[in-house]
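Here are the chains, one letter per residue:
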Amino acid sequence: MTFRMPATALLLALLLSAILPAAVAEAAVHSLSATAQKQFDKTKAGLPSTDAAKLQSLYLSFVQQQNVIGEKDTRIKATAKTNDDKESEIRQKIRLIDKAKLDALDKKVTQLKNNYQPLFNQYEAAQAELKAARKFGIKELTAAVQLKVDLLEISVKSAKEEIRAAQSALSSAKTSANDKMKRLRGQLDAINEEERKIAVAKSAISQLNKQKSAEWSDLLYALRGYDGKTSIRSLTTLTTVVKQITDQQARIEGYEKKIADINKTVAAQLN
């Protein structure tokens, strides 16, 4: 009978897989205890030579594949950590794109405003002086102040143009930096799909590990009864299950490689 997990339970399993990868991927390595080994030997002795050889071969293959699973799990964890660390490093660099350039341009705008503020103050004062001169109706004074205002106005216009140019350069640089940040972050977002696939694979491994543990219990029960046929059937199932686990691990390694490639592509654009 096919068993299907409820959608809510599956979603929870996937979330836990992403949050607690070690707990999901790892499982106990099953091997025969001294007592179980004696039961195994006695069971094997009661089988025809062909079946006895098959029982022994299946058990040795099962143990060997579990060792392979352990080695792959260690390798996957190391790769995942390397990828996570690299992604974090890249995202930090993305946040700092053109920072030195932007800081310099922002500093220039501030300096220009500060440097020209006395001129602006002088111009405002001259305008106030012109207004007062006109109020008193003294033509000579009004003409002299008007000339002063006109000359200052030329300098003020030039100063404002210089400030606007600096502000425009800063605005353009910010737009360019933000566009590049958005583009690179968009490329990194492809990692999310690979991580989703990894979560699915880890959830599958978790279910396979449960199946492995249950089948191992069935094997030990069969050995206690010296039931050779059932023992062979259980070990056949166990070798199939661990093969499926290694297949899922291979998928995870492929997804991690894609993540590494994404990191490499984005990092190259930051140089």
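Each remark here, short or long, concerns the structure printed above.
Here's what I pulled together on the structure shown here. (Residues numbered from 1 in each chain as written. Predicted model: local features only at pLDDT ≥ 70, side-chain atom pairs only at ≥ 80, totals over all residues. Heavy atoms only, no water.)

1. Digging into the overall build of the protein chain
Test applied: The numbering of helices and of strands both runs from the N terminus, where a helix is a DSSP run of H or I of at least 4 residues and a strand a run of E of at least 2. For a compact globule the rule gives 2.2 Å times the number of residues to the power 0.38, and the radius of gyration it is set against comes from C-alpha atoms. Burial here depends on accessible area, computed with a 1.4 Å probe over protein chains only, as a share of the maximum for the residue type. Under 20% is buried, over 50% is exposed, and the range in between is partly exposed. Counting rule for charge: Lys and Arg are taken as positive, Asp and Glu as negative, and neither His nor the chain ends is counted. Charge positions come from single atoms, namely NZ of Lys, CZ of Arg, CG of Asp or CD of Glu.
For the protein chain, the helix and strand inventory stands at eight helices and zero strands. Across the protein chain, helices and strands are ordered from the amino to the carboxyl terminus as α-α-α-α-α-α-α-α. In terms of overall size, the protein chain is more extended than a compact globule, its C-alpha atoms giving a radius of gyration of 38 Å where 271 residues would be expected to give roughly 18 Å. Taking the principal axes of its C-alpha atoms as reference, the protein chain extends roughly 130 × 35 × 25 Å. Counting all 271 residues of the protein chain, 33% fall into the buried class. For the protein chain, the distance from the average site of its 44 positive side-chain charges to the average site of its 31 negative ones is 1 Å.

2. Focus: unusual backbone geometry
A positive phi is found at Asp 98, a non-glycine position, where the angle reads about 55°. Mapped onto the elements of the fold, Asp 98 is located in the loop between helix 4 (49–95) and helix 5 (99–136). Unusually for a residue other than glycine, Tyr 226 sits at a positive phi of about 55°. With respect to the helices and strands, Tyr 226 occurs in the loop between helix 7 (190–224) and helix 8 (228–268).

3. Some thoughts on helix 8
Convention followed: Each residue after the first adds 1.5 Å to the expected span of a helix. Counting of polar contacts relies on pairs of N or O atoms within 3.5 Å, with two restrictions inside protein: one atom must be capable of donating a hydrogen and the other of accepting it, and residues adjacent in sequence are counted only when both atoms are side-chain atoms.
In this model helix 8 runs 59 Å from its N-terminal to its C-terminal C-alpha over 41 residues, within 8% of the 60 Å that 1.5 Å per residue would give. Put simply, Asp 227 is the residue that caps the front of helix 8, since its side-chain oxygen is 3.5 Å from the backbone nitrogen of Lys 229.

4. What about the nonpolar core?
Going by this rule: To define a nonpolar core, start from buried Ala, Val, Leu, Ile, Met, Phe, Trp, Tyr and Cys residues and group those joined through side-chain atoms within 4.5 Å. Here, two residues are considered to be in contact whenever any of their heavy atoms come within 4.5 Å of each other.
Membership of the largest hydrophobic core comes to 56 residues, with the highest contact counts inside it found for Leu 32, Phe 40, Ile 94, Leu 188, Trp 216, Leu 235 and Val 266. Of all the secondary structure elements, the ones that give two or more residues to this core are helix 3 (34–45), helix 4, helix 5, helix 6 (139–188), helix 7 and helix 8. Looking at this core, the element that brings in the most residues is helix 6, giving 13 residues. With sequence-adjacent residues up to four places away left out, Leu 235 is seen in contact with Phe 40, Leu 55, Leu 58, Tyr 59, Phe 62 and Leu 219.

5. Details of the packing of helix 5 against helix 6
As a reminder of what qualifies: Every axis corresponds to a line fitted to the C-alpha atoms, with the helix fit spanning only the stretch in contact, and the corresponding angles, defined between N-to-C directions, vary from 0 to 180 degrees. By definition in this entry, angles of less than 35 degrees are roughly parallel, angles greater than 145 are roughly antiparallel, angles of 65 to 115 are roughly perpendicular, and the rest are oblique. Each helix crossing is assigned a hand: it is left-handed if the near helix lies turned anticlockwise from the far helix by less than a right angle, otherwise right-handed if that turn is clockwise.
Where helix 5 contacts helix 6, the two axes come as close as 8 Å, and the packing angle between them is 160°. In terms of orientation, helix 5 and helix 6 fall into the roughly antiparallel class. Between helix 5 and helix 6 the crossing geometry is left-handed.

6. Topic: the packing of aromatic side chains
Worth spelling out the cut-off: Think of it this way: a Phe, Tyr or Trp ring, Trp meaning its six-membered ring, pairs with another when their centres are within 6.5 Å, and the plane angle makes it stacked under 30 degrees, edge-to-face over 60, tilted otherwise.
This model, assessed by the stated rule, comprises three aromatic pairs. When the ring of Phe 62 is compared with that of Trp 216, the centres are 5.6 Å apart and the planes differ by 25°; the resulting orientation is stacked. One end of the pair, Phe 62, is in helix 4; the other, Trp 216, is in helix 7, with 154 residues separating them in the sequence. The same class applies to Phe 62 and to Trp 216, which are both buried.

7. Points about a nonpolar patch on the surface
Which entries qualify depends on this criterion: Exposure above 30% relative accessible area and the lack of any salt bridge qualify a residue for a patch; like charges then connect within 9 Å, and the nonpolar side chains Val, Leu, Ile, Met, Phe, Trp and Tyr within 5 Å. Here the Shrake-Rupley method, with its probe set to 1.4 Å, supplies the accessible areas, and only the displayed protein chains count as covering residues. Criterion for a salt bridge: a side-chain nitrogen of Lys or Arg within 4 Å of a carboxyl oxygen of Asp or Glu.
On the surface, Phe 136, Ile 138 and Leu 141 cluster together into a nonpolar patch covering about 300 Å² of accessible area. One can find Ile 138 in the loop between helix 5 and helix 6. Given the relative accessible area of 39%, Ile 138 is considered partly exposed.

8. A look at the pattern of salt bridges
Opposite charge on two side chains permits pairing when their charged atoms draw close. Across all of its chains, the model carries 14 salt bridges by this definition. Among the ionic pairs, Lys 197 bridges to Glu 194, the shortest N-O distance being 3.8 Å. One end of the pair is Lys 197 and the other is Glu 194, both in helix 7 and three residues apart, which spans about a single turn. Using a relative accessible area of 23% as the deciding quantity, one classes Lys 197 as partly exposed. Of the charged contacts in the structure, one is a salt bridge between Lys 243 and Asp 247, with a shortest N-O distance of 2.9 Å.

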